[in-house]
Every structure is written in C-alpha cells, then in structure tokens.
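# Architecture at a glance
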Amino acid sequence: MSSVNLFVLGPPVVQAHPPIHVTSRKALALLIILALDGPRSREELAHLLWPRSRSLALQSLRASLIKLRGALGEHAHLLHVDREHVALQGTYFEVDAHQLDAADEHELLTLWRGPFLHGLRVHDSVEWDDWVNDWNARLLSRFRSRVEELTRHLLRQERFEDAIRLARHNVDLDPLSEPNMALLLNVLVHVGRVNDAQQAAVAFTERFTQELSVPPTLPPLPELPSPTFSARTRSNLEFERTNFIGRDAERATVRAALQHARLVTLHGPGGLGKTRLARTVGHVLADEGSFEFVAFVPVETLQSAVDLPVRMAAALGRTVMSVDNGLEELASVIGHAHVLLILDNFEHLTSEAWIIDDLLGRCPHVRVLVTSRERLSLKAETVVPLLSLAVPNEFTPLDVVQQADAVRLFVDRAKSARFDFTPSEESWTLVRRACELVEGLPLGIELAAAWTSTWPLAFIVQELERDPLSLSHPLRDAPSRHGSLRTSFDVSWRFLQEEERRVLARLSVFHGGFSLEAARQVAEATPEVLAQLTSKALVNFDGAQRYAFHPLVREYARAHLDEQLEERDVVLAAHASYFLGALRNERMSIGGAASPELLTFVRTEEANLLALLTYLQEARQYAALAALAEPLLWHFPASTGPNGFTFALRLAQRLLDALPEDEADAKSARLAVMSSYAWLLLFVGSLKASVCMYEDAVRLARTLGNDEALQRALDGLGQALYRSGRSEEAAVALEDAVRLAQRQEDPYRLFRALNNLMMAAGMSDDFERAASAASHAEALRTNDDVADGMDVVWFLTNEGAVHLLQGRYESALSLWQEGLDVAADTGMTGQRTIMHALRAWAFLERGLRFERAQDLSDAADAAREAEVVARHTGEPFALNLTIMVLARLQLHAGDADGALQNMREALLGCWRSENIMLLVWLLPYLAEALDARGDATAVDLATFLSKSPLAKQHVKERTRTVLERTYRHVNSSKEQRDTSIMTLEEIVTHCLA
C-alpha cells in the first residue's frame, strides 16, 4: 500500500491512493495531531478538542474517531485505537513539516504554502489554538533558519536572483519581521541593488511604524550615486482634473506588485479605470521619490511597437535619433537609472511585447507598468486583474451604501455635473440602483452621473434598465473609446479573431459563470479559445474550475448572438440540454433536492438554472421544469441567507401561476412545485396553508399515480401536521411515507421520512417508536447510504429535541454539537440558529432543574446568539423559542413584568406562525410568570394544560415543578376547574389583551 502524504504547512491537505476525504474538521484535526505528536491518550485528545465538558468530550472524540476511520477507508488499519490511547502507524505517513530541515531552495518554496494549518478552525477550544500556535512558532523558526542558511549558500554560488527570491519570500511570511527584512536588505546590497534596498527599507519602515507606532531597527544602507535625471522634475504626469475615488486595496496591490516584479500589467476590459489607477499610483511613487523619474507613455495611437522607443524617450524628455536602433539608444539614455515607465492602452501591441522584455534586460533598474485589455504573456510579467467596484445590495443599511466606492464615485461625478447635487434619503436608492445597473463599472458610473445635470435620477435609472450599453457620454473631453459602454466594448470586439467572436457570443447564454466542460458542450469552446478570451479580459478564470463574464460584457456578447436567431436557438437548447442532463445524473438525482451533491451543484449553478427555468417556461417544456423546480426551490433557503425564503416563495408562486392546470406535463410540474411551496410555507410559519397545500399535493399525486411525488408529499404533510400539534395524524402519514421510500429504495427520502416519524412519535409521547425510527435512520448514515449534509443536520437537530423532551440533556447537547460540526463542514448553515435556540432551552431546563448557575449563563449566551440571527432572518421557531428562554431567565432574575412582556411577544409569534407544538411547549413558562404576578389566568392555563390533549405527557412531566403552585390553586377551585376550562384560542386572546 502506498504512503499517505499529509501537508500541514498551509491549508491542510491529505493525499493518498486510494484517496482519503476527511470532511469533518475535528476528524482532520485528530489525524494531524497524531501524525505530528505521535500516540496520545484519549483524555489528552478530548481535552484538546472538546475542553468544556469531559463526558461530552469523550463521546465527541469517539464519534470523530469513527468518522476518521471511515474517511481513511482502505487505510483504516493505520489508525490504532484502544481504551486508553490513539495512534497512527507512523511509517506510512509522510508529513511536509518533517522535510523542512533538509529542503533545498526550490523544495522550501514549495513546501511552505502558508501558516501552519491555515483555514482549519476548531470552535470553542483555546487548547487547540494554543497547540496550533506552538507548532506554528516552532515550524516558522525552523523555516527561517533554513532560509538564512540557503541564502548564504546561494550568495556564495553567485545565484543572486535565487537568493533575492528566497529572501523576499521570507519577508512575505511575516511582513513586520525586522530580522526577515534585514536579511533581504543585506542580500540586495550584496548584489549591488542599493536603490531596491532603500525602497524596500522605506516601505517597510512605513508599514512597521503604522502598525506598531515605533520605527524599526534595520541595518544601515550605503548612499546612492547622483541620479541621472534632474531632481527638479520627477515625472511627466499631468495634474489630474477630477478626484480619484476609492480603489485603496488596488493601489496597494499595484505598489506591492511593482516592488515584487519589474513588469506589471493592469489587466481588464474597457471602462474599469485602468489608466486612471496607473496614473494615480505613478503620482504617488513620483512624490515619494521611489523612482528617479516616472514616465507616462500613451501608446493607443501607435501603429507598431517599432515606434515605441521614440515615444518612451520623448516621455523621459530625451530624443532617440534612429528608429532602427531606437531600443539601443533608449537603453543608453536610461542606463542604470531607476525609472518607472507607464505604458497605457497596450492591447493592440501585445504581439510585439518582446521589446519591453528586451528593455528590461538592458536596463537593470527600469520597471514597467502596463495597462492593457490583453495580457503580454511574458515570463517577466506579473498580472494584476482589475475588477468592477463593489455595489451594495438593496438590503444594505444606508450608511454603508453611502460609503461604498461605487456610490461615492457617482456622487463625486454628479457634483461635477451639478455642484448642488445632494441625494435625498429616497434618491440614495436610485444612486445605488444606477451603480448596480452598470455592475459597478467606473465608466458606466461616470456616464450615468454626468447626465444628472439635465436628467432626473429616476429617468437615468430608467434608461439604464432599458439598455445600459447605449447611454452615451455628454462631455466633450471624454476619449472616443469612452463614448458609451458599447463603444468601449467594440474596441475589444475588433481585436478578436472570428472564432473567438463566435465562441464569445455563444458563451453569453451562461449566467453567473460556467465550467470548462459546460463551455465545450454548449458553446463548442476549445481550451485554447477560452485561454485567448481570458487573456483578452473578456472572460475571467477563478484559478480553480469556473469561468465568468463581467455581466455587461455578457450582455454585449448576447446582443451579437441575438442577431443570429437560428444560432441563438441552437445554443439555448444546448444550454438547457446540458443542465437538465446534469440534474438527471444518478449521483444527483438520488434523494431529491436535499442530496448534498445536488445542493452543491445548484448552489454553484444558481444563475444558470434560473435562466433555464425561464427558458423552459417560455418553451412550455413542463416535464423538464418538474425536474428543476424542487432542487431550485430548496436551494434558496438552504444556501442563500436571510432572504432565501422570501425569494423562493415568490418564485414558487410565480411558477404555479404560470403552469396551466389542464395539461398532463404541467400537472407533474405543478405537483413538484406544490410540494416545495408547501415546505417553504411550513418553515416561514404558515402551517395551515402548508397543510392544505400538502393535502392537495397528496391528492394530485394519487390521481397521477406518481408514487415518488406521493412519498414526498406525505413526508412533508407529516412534518406540517406534528408542528400543528396533530402528531398522531402526522405519524400515520409518515408511516406511509417510510413504506413508499423503502419500496423506492431511496435512502435519502427514507432517511428524511424516518427523521420526521421520529419527531412525530416523540411529540406523541411514543418514545419507543421514536427510538426505533432514529435507530433505523442512524443505520443508514453509519452504512454511508446517506452523506453528511442538510438531511443529517436536520436529523441531529430533531434527535436532540426528542432527547430533550425526555430530560436527557447531555445527549441532546452532544447531538446538537455534532450537528453544528456537520453544518460547518458542509456549509449548511441554515439550521444553526435553530440548534443554538434548542441548546439555550436545554441549558435553561437543566439549570432550573438542578439549580446550576453556569447552565443558566450558557442558556443566556446561546439564546442571545440565536436571537440576533433569528431576528435578521425572520425564522419563527428559533426566534420565538429564544425570546421565551430569555424571558424565563428574566423571571428567574426577579423581573416578572419584563418577563411577561417578552413571553407575550413569543406567544404572539407562535400563534401567528401557527406552530401549536412550540406554543404548547412554552405555555408552562407563561403560567409561572402569570402566577408570579398574581394573575388568575395562571389557574385557567394550568387547568388547560392538565386536560388538553395537546399537552402531552412529556410537557406535563417537564413542567410539573413549574406548575406546582398553580395546580394547588386549581385544586382549591374545583368547581371553577370543572366548569370554566378555556380553549387555547381564549387563553391566547386573554394573555395578549
């Protein structure tokens, strides 16, 4: 068997054959601890990763060891576990940290990818943080020692560039380390690059002083010889006519790139402000004296790079006499002077970029900053991609919107057009929208703002919504290439070959990005053409798997595709075929919308699938739409944050309105949408509407004979019923859902139905039945029939709730902690708020029952954390539960009035969201608060809880001590108890009055 390679110098990576996929963070942490420290006791490992509770820690350790053994697969025999200790068979593990001391310079730069275990976080463990920091310090010290040793060796061999590169890499690891900077300065002076040493020292001193408020201690540097150029003028840059807004990070990046490399290209499509950014950086560097001269060289009008030396010499204030020998004369003029050349708009000369490389080879201290829509593709080139300005979304607070660079640029240019321009509170929305419509493109923002002198803001936004590419520039001194966004993109289009134009137009059917395989199948794009489009800044590559457009570039290319109707229809059909085929893939189709692989795919391809949805509606391809509706509607609440439910509900209603009721294929699509819509209604608190829609879905599924849809509808109906307090009816529906899932041999749907059956049984006091369902579901997970993802997070949430109803606090808290770990590992964050709310409730119950102050403190912390998120997202279950927990803590602290006020808020929230289950759970607390106030309604409430079938035995058992006093009142008022039992609605109405 081959060895296992473990990389810890940077983000942790495990390589082996067969592959090892460790998805749990704590399981990965265990593997790394054992590989580096050797055998450890169970107690040590538990304390290191789960320090807060010894009993919970050992349970969690056991669970993580099971996960680790499962992840190791065929390598599982390398993990040795007994009752006391855990160890790895070390001879099979090769760890990069062990190779530091013997690495050569090339191996060393490859080995050290970043800080030790960068990105691997373990929640709530100071001990883990201390362990990581200790190892990081030791490894960093060994790395630096090896760097110094190798640097001295390289200098002795006169391998100067290798020595400099190694010393710079050492500085990059710790930008505030004086010894690291001293090593770099000594190397630069040793090889004769005194000016570079002085620049590096100045930049370091600024950074060090700004961060630490004291100057650094650096070795003295020799004086430079007199400059070749006159010190009277340091650049040929003209003064700017308008303010430069924002781009702080980009300015810093360009400066850092010029320190690192001699040739830097500011790369991006037209309209991003490349020229202005380059000029701004040039002004700063000239003012600081970083170069003897900064020369701005516009080359847009040059027909050939042969004339470039003449143009550069003129910018330097010199004359080149011979075009044929222009480069030699220019190099002679510059010599060893420290000069920055800014070559602007170079894209049409990239095929002759060798001349820049030649100049760099002749003049050792020249640096070149190029602005170009196309990369130069030279070894010496460092590319700095320039992106649009970020635009806040419509939910962003106004004060944040006003500080956004895109909005500040609009306001500044609008004030130039009309000095009295001052947005009102309402018009800030229009300013933000204008920036959004041009996708943060600075040219588009300036075009729109320039019209504020003659057009109302609302009209400008209307014109941009109609066609953002056509808005023309009203100013006389605007460059011709900036006449409009379309004119700017026309320049790039003219530089394309015919095949590049054809592919770019076909790629415009993608929304939000695409993969290489998708581009091949849909647009017939070869990797070579994609590389050319990327080089020409018309397509962006994320460095991993995805390509994307700037949205306005996509719109421009789509306009060209729309001119060829037959071609457009063929490409749109290919786009639909590709994504529908992916959705039908066996790995994604199993388990329905919540299968982890499918949710990941939908999250990545959200924009493409929304576009596909519109296409299928317009093409009346309803059968295909049915396959798309469920995963798309599940995706938004699971993955897109607080506004996901709202968007998904609107989308579901739009689909139902658009689907005809009398066509067979449309009925199947309606059925898929109805079940997803009902699921969304359930979670936003519209339980009655959810039950009604699920019942309609059950009837339609039976009419159509669609068992798969019937199983899904019964499963959802059961969940809606037990949340409505109808747990016995829920169990009947869910037993049918389990049988259908077993018949269909779908482990995910079976797991989901068992999860809901467990909860319904628990709500009916049938804990034996609940345990049986939980055991069956757990077996599916243990056998790897169900992967960690949203379904597992839901299961752990519900299983913990059932344990809590039985008073099993420790196991409930352990299950929720495991659920939080799974959610963090898989990116399923939507359920975290509910788990934190349930944890708060468990801590509260245990703290009150056993009079444990720490539990009450933990309850307050968990409830506050959940409340902040729940109020933001509007998730009713978590919000109402946390409000009630905090209110009960107020009552415990003696604030009966404040507690009762907040309890009424929670009561109203439960009533409005129709969650009778949660309402009944929380009523005992309300009875206690009423009793503390001397309110006779406490007696009525106690009587209701003692007799109502809604109050199950677990509620009465949980609240027996809470209601003891009110029960005495009831017993002393037997006649009132027998004749005056109020209904739940009457109790709620009275308490809220």
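Basis of the calculations
Residues numbered from 1 in each chain as written. Predicted model: local features only at pLDDT ≥ 70, side-chain atom pairs only at ≥ 80, totals over all residues. Heavy atoms only, no water. Helix = DSSP H or I, 4+ residues; strand = E, 2+ residues; numbered from the N terminus. Rg over C-alpha atoms; globule rule 2.2 N^0.38 Å. Buried < 20%, exposed > 50% of the residue type's maximum accessible area, 1.4 Å probe, protein only. Contact = heavy atoms within 4.5 Å. Areas by Shrake-Rupley, 256 points an atom, 1.4 Å probe, with all protein chains shown as cover. Lys, Arg positive; Asp, Glu negative; His and termini not counted. Charge placed at Lys NZ, Arg CZ, Asp CG, Glu CD. Salt bridge = Lys/Arg side-chain N within 4 Å of Asp/Glu carboxyl O. pLDDT = per-residue confidence, 0-100. Axes fitted to C-alpha atoms, helices over the stretch in contact; angles between N-to-C directions. Parallel < 35°, antiparallel > 145°, perpendicular 65-115°, else oblique. Left-handed = near helix turned anticlockwise from the far one by under 90°. Nonpolar A, V, L, I, M, F, W, Y, C, P; charged D, E, K, R; others polar. Core = buried A, V, L, I, M, F, W, Y, C linked by side-chain atoms within 4.5 Å. Pairing = 2+ DSSP bridges. Right-handed = clockwise from strand over helix to strand, strands pointing away. Domains from an automatic or database assignment. Phe/Tyr/Trp six-rings, centres within 6.5 Å; stacked < 30°, edge-to-face > 60°. Lys NZ or Arg CZ within 6 Å of the ring centre and 35° of its normal.

This part takes up the overall build of the protein chain. Assigned secondary structure in the protein chain consists of 47 helices and 14 strands. For 993 residues, the compact-globule estimate of 2.2 N^0.38 gives 30 Å, and the C-alpha radius of gyration of the protein chain, at 34 Å, lies within 12% of that figure. Along the first, second and third principal axes, the C-alpha atoms of the protein chain reach 115 × 65 × 60 Å. In the protein chain, which comprises 993 residues, the proportion classed as buried is 54%. Counting only contacts in the protein chain whose residues sit at least 6 apart along the sequence, the fraction spanning at least 24 positions is 68%. Per element, the accessible surface of the protein chain, about 43,600 Å² overall, is 50% carbon and sulfur. Charged side chains of the protein chain number 101 positive and 133 negative; the gap between the two group centres comes to 2 Å.

What follows covers the environment of Ala-899. By secondary structure assignment, the location of Ala-899 is in helix H41 (residues 896-912). Since its relative accessible area comes to 0%, Ala-899 is described here as buried. Through-space distance from the C-alpha of Ala-899 to that of Arg-888 is 6.3 Å; in sequence the pair is eleven residues apart. The residues contacting Ala-899, other than those within four sequence positions of it, are Ala-887, Gln-890 and Leu-891.

The next thing to look at is the pattern of salt bridges. The full count for this structure, using the stated rule, is 51 salt bridges. The salt bridge involving Glu-240 is made with Arg-276; its shortest N-O contact spans 3.4 Å. In this pair, Glu-240 sits in the loop between helix H8 (194-212) and helix H9 (248-260) while Arg-276 sits in helix H10 (residues 274-288), placing the two residues 36 residues apart along the sequence. Here Glu-240 falls in the partly exposed class, since its relative accessible area comes to 27%. When its relative accessible area of 14% is taken as the criterion, Arg-276 is described as buried. Here Glu-517 ties to Arg-520 by a salt bridge, and the two come within 3.9 Å at their closest N and O atoms.

In this model, the protein chain carries a mean pLDDT of 84, and residues with pLDDT of at least 70 account for 91%. In the model of the protein chain, helix H46 (residues 974-979) stands out as the element of lowest mean pLDDT, 44, in contrast to strand S10 (residues 366-372), which has the highest, 96. Under a pLDDT of 50 for its full length, residues 587-591 has, in the predicted model, 17 contacts with residues more than four places off or in other chains. This model gives residues 970-979 a pLDDT under 50, and the stretch forms nine contacts once residues within four places in sequence are excluded.

Turning our eyes to something else, we now look at the packing of helix H33 (residues 727-744) against helix H34 (residues 747-763). In the contact formed by H33 and H34, the axes pass within 9 Å of each other and the chain directions differ by 160°. It follows that H33 is roughly antiparallel to H34 by the angle criterion. For the crossing formed where H33 meets H34, the hand is left-handed. Contact residues: H33 offers Ser-727, Ala-730, Ala-731, Leu-734, Glu-735, Ala-737, Val-738, Ala-741 and Gln-742, while H34 offers Arg-749, Leu-750, Ala-753, Leu-754, Asn-756, Leu-757, Ala-760 and Met-763. Its residues placed into classes, the contact of H33 with H34 shows twelve nonpolar, three polar and two charged.

A separate point is the nonpolar core. Ranked by internal contacts, the top residues of the largest apolar core, which has 239 residues, are Phe-410, Leu-507, Phe-514 and Trp-841. Those residues in contact with Phe-514 that sit more than four places away from it in its chain are Leu-507, Ala-519, Leu-530, Val-539, Gln-545, Arg-546, Tyr-547, Ala-548 and Phe-549.

Right, let's talk about the pairing of S10 for a bit. Summarising burial for S10: seven of the seven residues are buried, a large majority. Here S10 shows a buried face lined by Val-366, Val-368, Val-370 and Ser-372 and a second buried face lined by Arg-367, Leu-369 and Thr-371. Pairing geometry for strand S7 (residues 263-267) and S10, over five bridges, is parallel. Following the sheet pairing, Leu-263 is matched in S10 by Val-368. Relative to S10, strand S9 (residues 339-344) runs parallel, the two sharing five bridges. Its bridge partner being in S10, Leu-343 is matched across the sheet by Val-370. Tracing the backbone out of S9, into helix H13 (residues 354-362) and back to the parallel element S10 gives a crossover that is right-handed.

This part takes up the environment of Leu-656. Along the chain, the position of Leu-656 falls in helix H29 (residues 644-658). C-alpha of Leu-656 to C-alpha of Met-674: the two residues are 18 residues apart in sequence and 7.7 Å apart in space. Setting aside anything within four residues of it in sequence, one finds Leu-656 in contact with Arg-670, Val-673, Met-674, Tyr-677 and Met-693.

This next bit is on the packing of helix H5 (residues 126-156) against helix H7 (residues 178-190). Helix packing geometry: the angle between the two helix axes and the distance between the axes. Two elements in contact, H5 and H7, have axes whose closest approach is 12 Å; the angle formed by their N-to-C orientations is 5°. Classified by the angle their axes make, H5 and H7 are roughly parallel. Residues Arg-144, Val-147, Glu-148, Thr-151 and Leu-155 of H5 form the contact with H7, whose own contacting residues are Asn-180, Leu-183, Val-187 and His-190.

A separate point is the domain arrangement of the protein chain. When its domains are assigned, the protein chain resolves into domain 1 (4-134), domain 2 (234-385), domain 3 (398-486) and domain 4 (496-563). Taken over C-alpha atoms, the centre of domain 1 sits 41 Å from the centre of domain 4.

With that out of the way, let us pick up the packing of aromatic side chains. Inspection of the entire model under this criterion finds 19 aromatic pairs. Their ring planes at 55° and their centres at 6.3 Å tell us that Trp-131 and Trp-135 sit as a pair that is tilted. Of this pair, Trp-131 and Trp-135 both sit in helix H5, four residues apart, which is roughly one turn of that helix. Neither residue differs from the other here; Trp-131 and Trp-135 are each classed as buried. Considering the side-chain rings of Phe-204 and Phe-208, the 5.6 Å spacing of their centres and the 40° angle between planes classify their relative orientation as tilted. Placement of the pair is Phe-204 and Phe-208 together in helix H8, with a separation of four residues, close to one helical turn. Taken individually, Phe-204 and Phe-208 each receive the classification buried, so the pair is uniform in this respect. Every member of this aromatic cluster is reached through a ring pair, and the members are Phe-510, Phe-514, Phe-541, Tyr-547, Phe-549, Tyr-578, Phe-579 and Phe-601. A cation over a ring is seen here: Arg-279 above Phe-296, with NZ or CZ 6.0 Å from the ring centre. In this structure, Arg-723 is placed above the aromatic ring of Phe-877, and the distance from its NZ or CZ to the ring centre is 6.0 Å.

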